[in-house]
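Each chain, written out:
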Amino acid sequence: MRILHAADIHLDSPLSGLIARAGGQGADLATATRRAFTAMIDYALEAGVDLVLIAGDLYDGDWRDFSTGLFFLSQMARLERQGIRVAVVQGNHDAENRMTRSLRWPPTVKVFRSDRAETWIPEGLEVAIHGRSFPRRDVTEDLSAGYPPPVAGLFNIGLLHTAADGRLGHTPYAPCDVPTLVGKGYDYWALGHVHGRAILHERPWVVFSGNLQARHINEPGAKGATLLTVDGGEISALEALSFDVLRWVRLEVDLGGCASPQQVYGRIETALAEALTQAEGRALAVRLTLSGATAVHDLLAGDPERTTAECLALAERAGGEVWLEKVGVATTPPRQDDAPAADELFAVVARILEAPEERAILRADLEQALTRVPPAVRQAAGLTPLDEQALAGLLAAAEATLRRRLLDSPD
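I will try to describe carefully the structure that is included in this document. (Residues numbered from 1 in each chain as written. Predicted model: local features only at pLDDT ≥ 70, side-chain atom pairs only at ≥ 80, totals over all residues. Heavy atoms only, no water.)

1. A few points about helix α5 (residues 261–278)
Here is the rule: For helices the rule is a DSSP run of H or I covering at least 4 residues; for strands it is a run of E covering at least 2, with both sets numbered from the N terminus onward. Here the expected length of a helix is defined as 1.5 Å per residue gap, with one fewer gap than residues. By definition, residues are in contact when any of their heavy atoms lie within 4.5 Å.
Under the 1.5 Å per step criterion, the end-to-end length of α5 is 26 Å for 18 residues, consistent within 8% with the ideal 26 Å. Contacts made by the buried residues of α5 are with β13 (246–254), β14 (283–293), α6 (297–302), α7 (304–316) and β15 (322–332). Looking one or two residues beyond α5, the residue adopting positive phi is Glu-280, at roughly 55 degrees.

Below, the structure is given as structure tokens:
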């Protein structure tokens with residue numbers, strides 16, 4: 001048998017804040033979850049898999065209209081024509097009590113009930129799938145405790161949406177521990193909820209497949225599903241497959257030693273080209289950070305609007321689809337032993353700004369000013385909250401702006 005394990009598809013996730021900032025790339029973001037799901041179905045048909053597992057959060061929440069459900073059913077119809085069965089548990093995002101709209105499931109799709117765990121043995125396949133859907137979003141009990149015993153003579157799979165023993169950044173829904181899952185006697189646990197791929201145990205296998213398509217910068221890297229090949233009732237191969245169509249990347253470019261804008265932008269251009277190559281033809285969503293000690297620091301940090309525009313222009317010429325989600329400047333001026341008088345003046349200013357009492361006054365003034373900034377704008381600027389790191393970044397940018405404006409002044 002060949003079995004495809006996916007999870008956290010979040011079909012039609014709105015991504016409204018990102019789409020609004022993406023400009024011309026907004027359409028790609030809006031359809032990314034559908035296109036990734038279609039890519040997975042294409043693979044299932046071409047590879048002739050026997051079974052598809054979806055370990056929760058097929059949907060991002062209640063449908064805004066029926067188009068989300070109709071799209072999913074259109075993909076299921078493609079699998080049905082080839083006799084491929086699908087097993088689904090609902091997770092915290094698409095828990096039973098959250099879904100007010102629904103369409104009839106095709107006979108080849110099994111959605112597990114939410115009031116208790118049950119076992120499904122698809123006709124013609126030597127496999128028993130055990131699962132239970134979320135009845136509500138906030139499931140805090142261990143659902144796996146109620147899963148049935150394994151069926152003798154069959155390949156047993158536990159299909160479960162869970163935080164397992166806890167994962168950073170994920171709400172601890174349906175918690176459980178790995179030894180308990182292993183002790184259940186199943187051959188494979190197909191887990192969902194955690195968006196990063198992880199193998200928690202081998203033989204028996206306990207696997208988070210990760211989400212199918214990343215939706216923001218905190219989900220960088222390749223995303224997709226896991227393919228199991230089962231021979232003689234045992235897993236002979238386990239393969240991570242990538243189906244994402246838009247890949248998120250944190251890209252830091254070290255500009256240390258760059259003496260001119262030409263050198264700076266040449267280095268950025270090279271880094272973007274390398275990132276595109278590693279993405280294997282996929283579109284890229286990049287959070288770009290410029291770092292290092294460079295003589296061009298004042299130009300970059302002192303005029304962040306122009307710096308961002310220059311980087312956007314480089315992204316347009318990168319030879320592929322690149323969207324710059326954010327450009328951050330974390331460069332520093334080069335150390336100079338024989339600093340001119342202007343630099344000595346700025347050193348004095350810097351010492352003043354580093355004094356605790358001065359920083360406290362600045363923080364209070366900034367917090368007051370930020371009360372007049374719309375919350376969404378403040379969050380997009382990274383100023384929620386105004387912690388020490390955010391304050392330090394603002395002061396560094398302010399110093400660079402002062403340096404640029406005063407040193408370029410004819411007076």
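So, next bit.
2. A few points about the packing of helix α2 (residues 26–47) against helix α3 (residues 67–81)
Selection rule: For helices, the fitted axis covers only the stretch in contact; all axes are lines through C-alpha atoms, and the angles between them, taken along N-to-C directions, range from 0 to 180 degrees. Working definition: roughly parallel below 35 degrees, roughly antiparallel above 145 degrees, roughly perpendicular at 65 to 115 degrees, and oblique for all remaining angles. For a crossing to be left-handed, the near helix must be turned anticlockwise from the far one by less than a right angle; the clockwise case is right-handed. Polar here means any residue outside two lists: the nonpolar Ala, Val, Leu, Ile, Met, Phe, Trp, Tyr, Cys and Pro, and the charged Asp, Glu, Lys and Arg; Gly therefore counts as polar.
Across the interface, α2 lies against α3 with an axial gap of 10 Å and an inter-helix angle of 10 degrees. Classed by the angle they form, the pair α2 and α3 counts as roughly parallel. Crossing hand, α2 versus α3: right-handed. Across the interface between the two elements, Arg-34, Phe-37, Thr-38, Ile-41, Asp-42, Ala-44 and Leu-45 from α2 touch Ser-67, Thr-68, Phe-71, Phe-72, Gln-75, Met-76, Arg-78 and Leu-79 from α3. Split into classes, the residues belonging to the contact of α2 with α3 amount to eight nonpolar, four polar and three charged.

3. Re a nonpolar patch on the surface
Here is the rule: A patch consists of residues exposed above 30% relative accessible area that lack any salt bridge, with like charges linked at up to 9 Å and nonpolar side chains (Val, Leu, Ile, Met, Phe, Trp, Tyr) linked at up to 5 Å. With residues, only the protein chains shown are counted as cover, and all accessible areas are computed by Shrake-Rupley using a 1.4 Å probe. By definition here, a salt bridge exists when the distance from a side-chain nitrogen of Lys or Arg to a carboxyl oxygen of Asp or Glu is within 4 Å. For the exposure calls, accessible area comes from a 1.4 Å probe over protein chains only, and a residue counts as buried if that area is under 20% of its type's maximum, exposed if over 50%, partly exposed in between.
There is a patch of nonpolar side chains on the surface, built from Phe-66, Leu-70 and Leu-103 and spanning about 250 Å² of accessible area. Taking relative accessible area as the criterion, Phe-66 reaches 38% and is therefore assigned partly exposed.

4. Re the pairing of strand β11 (residues 224–231)
Moving residue by residue along a regular strand, the side chains alternate between the two faces of the sheet. The condition that has to hold: Only strands that DSSP links by at least two bridges are regarded as paired with each other.
Counting buried positions over the eight residues of β11 gives seven, a clear majority of the element. Here strand β1 (residues 2–6) runs beside β11; their pairing, made up of four bridges, is antiparallel. Directly across from His-5, in β11, lies its bridge partner Thr-226. Note that β11 and strand β12 (residues 234–242) share eight bridges and pair antiparallel. For Asp-231, the partnering residue across the bridge sits in β12 and is Glu-234.

5. A word on the sheet that holds strand β2 (residues 51–55)
Sheets are built from strands paired through backbone hydrogen bonds, the pairs being either parallel or antiparallel. Within the open sheet, the six strands sit side by side as β4-β3-β2-β1-β11-β12. Their pairing is mixed. With one partner strand each, in any of the chains shown, β4 (109–111) and β12 form the two edges of the open sheet. Adjacent strand axes in the sheet meet at a mean angle of 20 degrees, parallel and antiparallel pairs treated alike. Inspection of the sheet shows β2 paired to strand β3 (residues 85–89) by five bridges, in the parallel sense. Residue pairing across strands places Leu-51 opposite Arg-85, the latter belonging to β3. Contacts from α2 reach β1, β2, β11 and β12 within the one sheet, and its direction differs from that of β1 by about 175 degrees.

6. Here's the deal with the packing of aromatic side chains
Going by this rule: The criterion for an aromatic pair is that two Phe, Tyr or Trp rings (for Trp, the six-membered ring) have centres within 6.5 Å, with stacked assigned to planes under 30 degrees apart, edge-to-face to planes over 60 apart and tilted to the rest. The rule is short: NZ of Lys or CZ of Arg within 6 Å of the ring centre and within 35 degrees of the ring normal puts a charge over the ring.
Scanning the entire structure with this criterion turns up 11 aromatic pairs. The positively charged end of Arg-101 is found above the aromatic ring belonging to Phe-66, 5.8 Å away from the centroid. Geometry around Phe-112 places Lys-110 over its ring, the cationic atom sitting 5.5 Å from the centre.

7. Digging into the sheet that holds β15
Read across the open sheet, the three strands follow the order β13-β14-β15; overall the sheet is parallel. Among the strands making up the open sheet, the edge pair consists of β13 and β15. Pairwise comparison of adjacent strand axes, ignoring direction, gives a mean angle of 10 degrees for this sheet. One ladder, built from nine bridges, connects β13 with β14; its direction is parallel. Within β14, the residue paired with Arg-247 across the bridge is Leu-284. Contacts from α5 reach β13, β14 and β15 within the one sheet, and its direction differs from that of β13 by about 150 degrees.

8. Quick word on the environment of Arg-78
Rule in force here: What qualifies as a polar contact is a pair of N or O atoms within 3.5 Å, subject to a donor-acceptor requirement within protein and to the restriction that residues adjacent in sequence count only when both atoms come from side chains.
Among the secondary structure elements, Arg-78 is positioned in helix α3. Its relative accessible area of 23% is what places Arg-78 among the partly exposed residues. Separated by 34 residues in sequence, Arg-78 and Ala-44 have C-alpha atoms that sit 10.0 Å apart. With residues up to four places along the chain from it excluded, the contact list for Arg-78 reads Thr-38, Ile-41, Asp-42 and Leu-45. A distance of 2.8 Å separates a polar atom in the side chain of Arg-78 from a polar atom in the side chain of Gln-75.

9. Details of the packing of α5 against α7
For the pair α5 and α7, interaxial distance at closest approach is 10 Å and the crossing angle is 45 degrees. The angle between α5 and α7 falls in the class oblique. In the packing of α5 onto α7, the handedness of the crossing is right-handed. Contacts between α5 and α7 involve Tyr-265, Ile-268, Glu-269 and Leu-272 from the first element and Glu-310, Cys-311, Leu-314 and Ala-315 from the second.

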